[in-house]
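# Topology and contacts: notes
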Amino acid sequence: MDRKSLLTEKKRIVIKVGTSTITYSETGNINLNKLEKFVRILINLRNQGKEVIVVSSGAVGVGRKALGLKHRPATEAEKQACAAVGQARLMMIYEKLFNEYSQLTAQVLLTKESILNEECKKKAHQTFNELLRMNVVPIVNENDVISVDELAYGNFGDNDTLAAYVARLVEADLLILMSDIDGLYTDDPRQNSDARFIHTVKEIDDHLERMAKDSSTECGTGGMATKITAGKMVTEAGTDMVIANGENIYLINDIMAGKKVGTLFLSHKHGQDVKDEYSPKRAEYRRKAKIEKKTQRSIK
Ligand code: GLU
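Remember, it's a predicted structure, so these values are computed and weren't measured experimentally.

### Some remarks on the site of the ligand
Every residue close to the ligand is listed here: Ser57, Gly58, Ala59, Val60, Asn141, Asp144, Asp158 and Asn159. One of the backbone N or O atoms of Gly58 is found 3.1 Å from an oxygen atom in the ligand. Within the side chain of Asp144, one N or O atom sits 2.8 Å away from a nitrogen atom of the ligand. The fraction of the free accessible surface of the ligand (300 Å²) that becomes covered by protein chains is 82%.

### Things to note about the pattern of salt bridges
In this structure the tally under the stated criterion is 11 salt bridges. Where Lys16 meets Asp160, a salt bridge forms, and the shortest distance between an N and an O atom there is 2.9 Å. Pair noted here: Lys16 is in strand E1 (residues 12–17) and Asp160 is in helix H8 (residues 159–169), with a separation of 144 residues, a long-range link. Through salt bridges with shared partners, a single ionic network connects Lys16, Asp160 and Lys227.

### Some remarks on the side chain of Ser267
Looking at where Ser267 falls in the secondary structure, it is placed in the loop between strand E9 (263–265) and strand E10 (277–278). Apart from the residues within four sequence positions on either side, Ser267 is in contact with Thr235, Gly238, Thr239 and Asp240.

### Things to note about the confidence of the model for the protein chain
Overall, the prediction assigns the protein chain a mean pLDDT of 89, with 90% of residues at 70 or greater. Overall, residues 216–222 carries pLDDT values under 50, and its contacts beyond four positions in sequence, including any with other chains, amount to 21 contacts.

### A look at the pairing of strand E8 (residues 240–245)
Of all the 6 residues making up E8, 6 are buried; the element is thus mostly covered by neighbouring parts of the structure. Examined bridge by bridge, strand E5 (residues 174–179) and E8 share 6 bridges and lie parallel to one another. Bridging from a neighbouring strand, Leu174 pairs with Asp240 of E8. Bridging between E8 and E9 involves 3 bridges; their strand directions are antiparallel. In the strand pairing of E9, Val242 is matched with Leu264.

Criteria and thresholds
- Residues numbered from 1 in each chain as written.
- Predicted model: local features only at pLDDT ≥ 70, side-chain atom pairs only at ≥ 80, totals over all residues.
- Heavy atoms only, no water.
- Near = heavy atom within 4 Å.
- Polar contact = N/O pair within 3.5 Å; in protein donor to acceptor, adjacent residues only side chain to side chain.
- Areas by Shrake-Rupley, 256 points an atom, 1.4 Å probe, with all protein chains shown as cover.
- Salt bridge = Lys/Arg side-chain N within 4 Å of Asp/Glu carboxyl O.
- Helix = DSSP H or I, 4+ residues; strand = E, 2+ residues; numbered from the N terminus.
- Contact = heavy atoms within 4.5 Å.
- pLDDT = per-residue confidence, 0-100.
- Buried < 20%, exposed > 50% of the residue type's maximum accessible area, 1.4 Å probe, protein only.
- Pairing = 2+ DSSP bridges.

Have a look at this one:
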């Protein structure tokens, strides 16, 4: 199955945006330009008849800004208070932007208990389905205000894992994680010039998991461990996943058009008769690009 026909056919899509995608790293303020573009992309997907569910981070960061805290929240109570203030503000902005297109949204705050407790899970599943049936766009976050860091319940901790739970819960066709990395490399591209970008992963095996765990930087394979865990959770359940860089929010359109951006992790049912797909080595890539440029020039 080719990438284009696989991705253009997706109907129910969960899209996760990280705090770094929706705020300015220098100031911590919301990047309204980008959020506006993001909402327009979502509306357009809805116009194509697709169902979208957003998992949005940002509550703690936005709350911290609103409260004028100069430092990172130091205590659990401080962090949870920031989340309470920030979540309301974040939703207010989403509402305002979606409202320009008369699109209803809903706030869905989940805790890990909502997934581990069968009764809660059933209710959450039911509510999501009803919201989608009513043409509402659910905007999900962890309920940081009451989430506890205990072994018994635990919290999701990160929104990659939360997004994977949500994708499984709603039986999504596709999960897109927009974060601050381009996707998966065979090695850290800053350390190893032979590192190759991985376009398609047929199956998340032990080697890949180890590789993600070993990485410690934010670049290249770095920050990958939670994404690989998320990938494993969804691909096992039949959902494909794409990781791409949220720096350019329009990549969502490219992903949906089946273009080769980000890393695509195939679910078990789609990964059977394909191979992992790597970009050529950098030197090779540069050589090819040079030749191509020359040929184009001579044609002109
Ligand atoms: N739930 C957190 C927030 O909204 C974000 C956690 C994460 O981004 O992984 O601030």
